[in-house]
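Structure at a glance
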Amino acid sequence: IKAKLTTSDLVHFDESGLYVAGKRDWLHVASNDSLTYYFHHKSRGIEAMDAAGVIAEFEGIACHDYWSPYYHYDCAHLLCNAHHLRDLEGVIQNDGHAWAKSMQEFLRKANSLVKQLKSDGKEQLSPEKLKLLLDEYSQVIKLAYLEMPPAPERKPGQRGRVAKGKSRNLLERFDLRRDEIIDFVKNFSSPFDNNQAERDLRMIKVKQKISGSFRSEDMAQGFLTIRSYISTAIKQGLSAFDTLADGLLGKHFIS
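A few points on the structure. This one's a predicted model, so the numbers in the text were calculated from it and none came from an experiment.

Attention shifts here to a nonpolar patch on the surface. Together, Met203, Val206 and Ile210 make up a nonpolar patch on the protein surface, roughly 300 Å² of accessible area in all. Summarising the element assignment, Ile210 is placed in helix H9 (residues 195-211).

Let's shift gears to the sheet that holds strand E4 (residues 61-64). Ordered in space as E3-E2-E1-E4-E5, the five strands form an open sheet in which the pairing is mixed. One side of each edge strand has no neighbouring strand; the edge strands of this open sheet are strand E3 (36-41) and strand E5 (76-79). Strand-to-strand twist in this sheet, taken as the mean axis angle between neighbours without regard to direction, amounts to 30 degrees. Where strand E1 (residues 10-20) meets strand E2 (residues 23-31), nine bridges bridge the pair, whose relative direction is antiparallel. Directly across from Asp14, in E2, lies its bridge partner Val29. Here H9 sits on the sheet and contacts E1, E2 and E3; the angle it forms with E1, its principal contact strand, is near 20 degrees.

Counting across every chain of the model gives zero disulfides. Distance from the sulfur of Cys63, which forms no disulfide, to the nearest cysteine sulfur (Cys80) is 6.2 Å. Its relative accessible area of 1% is what places Cys80 among the buried residues.

Attention now moves to the nonpolar core. Trp99, Met103, Leu107 and Phe174 are the most contacted members of the largest nonpolar core, which has 28 residues in total. Broken down by secondary-structure element, the contributors of at least two residues to this core are helix H3 (81-95), helix H4 (98-119), helix H5 (127-147), helix H6 (166-176) and helix H8 (183-186). No other element matches H4, which puts eight residues into this core. Val54, Tyr70, Tyr73 and Cys75 belong to the second-largest nonpolar core, a separate cluster that totals 16 residues.

Let's shift gears to helix H10 (residues 217-235). Compared with the 27 Å implied by 1.5 Å per residue over 19 residues, the 27 Å span of H10 between its first and last C-alpha is a close match. Immediately beyond the C-terminal end of H10, within one or two residues, lies Gly237, with a positive phi of roughly 75 degrees.

Bringing the packing of aromatic side chains into the picture now. Under the counting rule described, the total for this entry stands at nine aromatic pairs. Here Phe13 and Tyr70 contribute two aromatic rings whose centre-to-centre distance is 6.0 Å and whose plane-to-plane angle is 45 degrees, an arrangement assigned as tilted. Of this pair, Phe13 sits in strand E1 while Tyr70 sits in the loop between E4 and E5; the two residues are 57 residues apart in sequence, bridging distant segments of the chain. In this structure, Phe13 and Tyr70 share a single accessibility class: buried. An aromatic cluster is built from Phe13, Phe58 and Tyr70, whose rings are joined through pairwise contacts. The ring centre of Trp67 lies 3.7 Å from the NZ or CZ of Arg44, which sits over that ring. Directly above the aromatic system of Phe223 lies the positively charged group of Lys207, at a separation of 5.1 Å from the ring centroid.

In terms of residue burial, E2 counts as a mostly covered element, since seven of its nine residues are buried. Here E1 folds back onto E2 in antiparallel fashion, the turn holding two residues, of which Ala21 has a positive phi close to 55 degrees. Here E2 pairs with E3 via six bridges, running antiparallel. Across the sheet, the residue bridging to Ser31 is Thr36, located in E3. The turn linking E2 back onto E3 is made up of four residues.

The rules behind each value
- All residue numbers here refer to positions counted from 1 along the written sequence of the relevant chain.
- Thresholds applied to this predicted model are a pLDDT of at least 70 for local features of residues and 80 or more for the giving and counting of side-chain atom pairs; totals over whole chains, interfaces and linings are not thresholded and use all residues.
- With hydrogens and water excluded, all non-hydrogen atoms of the structure serve as input to the side-chain values.
- Like-charged residues are merged into a patch within 9 Å and nonpolar side chains (Val, Leu, Ile, Met, Phe, Trp, Tyr) within 5 Å, provided each residue has over 30% relative accessible area and no salt bridge.
- A 1.4 Å probe and the Shrake-Rupley method give the accessible areas. Residues count as covered only by the protein chains that appear here.
- Any Lys or Arg side-chain nitrogen found within 4 Å of a carboxyl oxygen on Asp or Glu counts as a salt bridge.
- Numbering of helices and strands runs from the N terminus, with a helix taken as a DSSP run of H or I at least four residues long and a strand as a DSSP run of E at least two residues long.
- Being paired, for any two strands, means DSSP has found at least two bridges between them.
- In this analysis, axes come from line fits to C-alpha atoms, helices being fitted only over the stretch in contact, and the angle between any two N-to-C directions falls in the range 0 to 180 degrees.
- Two residues qualify as a contact provided that any one of their heavy atoms is within 4.5 Å of a heavy atom in the partner residue.
- Only a pair of cysteine sulfur atoms within 2.5 Å counts as a disulfide in this structure description.
- For every residue, the accessible area obtained with a 1.4 Å probe (protein chains only) is divided by the maximum for its type, and the residue is called buried under 20%, exposed over 50%, and partly exposed between those limits.
- The set of buried Ala, Val, Leu, Ile, Met, Phe, Trp, Tyr and Cys residues whose side-chain atoms join them within 4.5 Å is what this entry labels a nonpolar core.
- By definition here, a helix of n residues has an expected span of 1.5 Å times n minus one.
- Any Phe, Tyr or Trp ring, taking Trp's six-membered ring, that has another such ring centre within 6.5 Å forms a pair; planes under 30 degrees apart are called stacked, those over 60 apart edge-to-face, and the others tilted.
- Should the NZ of a Lys or the CZ of an Arg lie within 6 Å of a ring centre and within 35 degrees of the ring normal, that charge is described as sitting over the ring.

If you want it as structure tokens, here you go:
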């Protein structure tokens with residue numbers, strides 16, 4: 001599964017808390033529509049990602065939620081717009097900025113349009129429609145900078161990053177990472193969000209809610225290995241029971 005993910009065109013990545021031996025560790029997932037790989041590690045960041053052994057060797061497109069360690073790896077990136085819609089809602093509720101509402105409306109409209117065209121068998125937007133959408137996105141950002149107060153200047157002798165606030169940081173992400181955010185309107189094969197990884201995490205979170213903490217690291221990784229196998233089999237239209245039975249006989253379905 002790891003080998004096939006590493007050579008895939010697109011992989012979704014995510015991570016979530018996992019309780020092992022009474023302590024909070026991390027569950028990592030790398031997946032797409034046909035493969036699932038789960039991995040347990042005490043770390044959330046680069047050390048764990050290297051140990052998992054997928055993104056470290058990956059040369060395709062990684063879809064994720066802007067967790068900064070992902071940018072340590074030299075692959076193409078796409079960002080989750082479901083997270084962006086929630087982040088924008090936070091800006092609307094806390095700061096009342098009009099640009100956040102405009103960006104929310106743009107993302108929802110563009111996603112709805114792309115979904116409709118896909119359902120009609122279309123493979124891309126017309127050049128005219130694509131230009132209109134990209135121009136609209138740029139206009140929202142342009143007006144946002146006019147609405148937002150200027151970024152604070154670095155004071156003499158000040159170290160570290162200058163605190164800009166969540167609203168400003170989000171706006172700059174929409175500006176500087178625009179290709180990673182709206183690629184779904186240019187390439188219909190690009191996802192709008194990272195829901196694939198979030199769906200794949202859900203079953204593990206349900207299991208943990210029922211049983212609580214895993215008692216050891218070996219038990220945690222053992223469960224995740226089995227669950228990786230079952231999830232991948234189901235995605236490929238196979239019987240979970242039959243593939244497990246065959247696996248125990250040495251007849252695995254992945255070659």
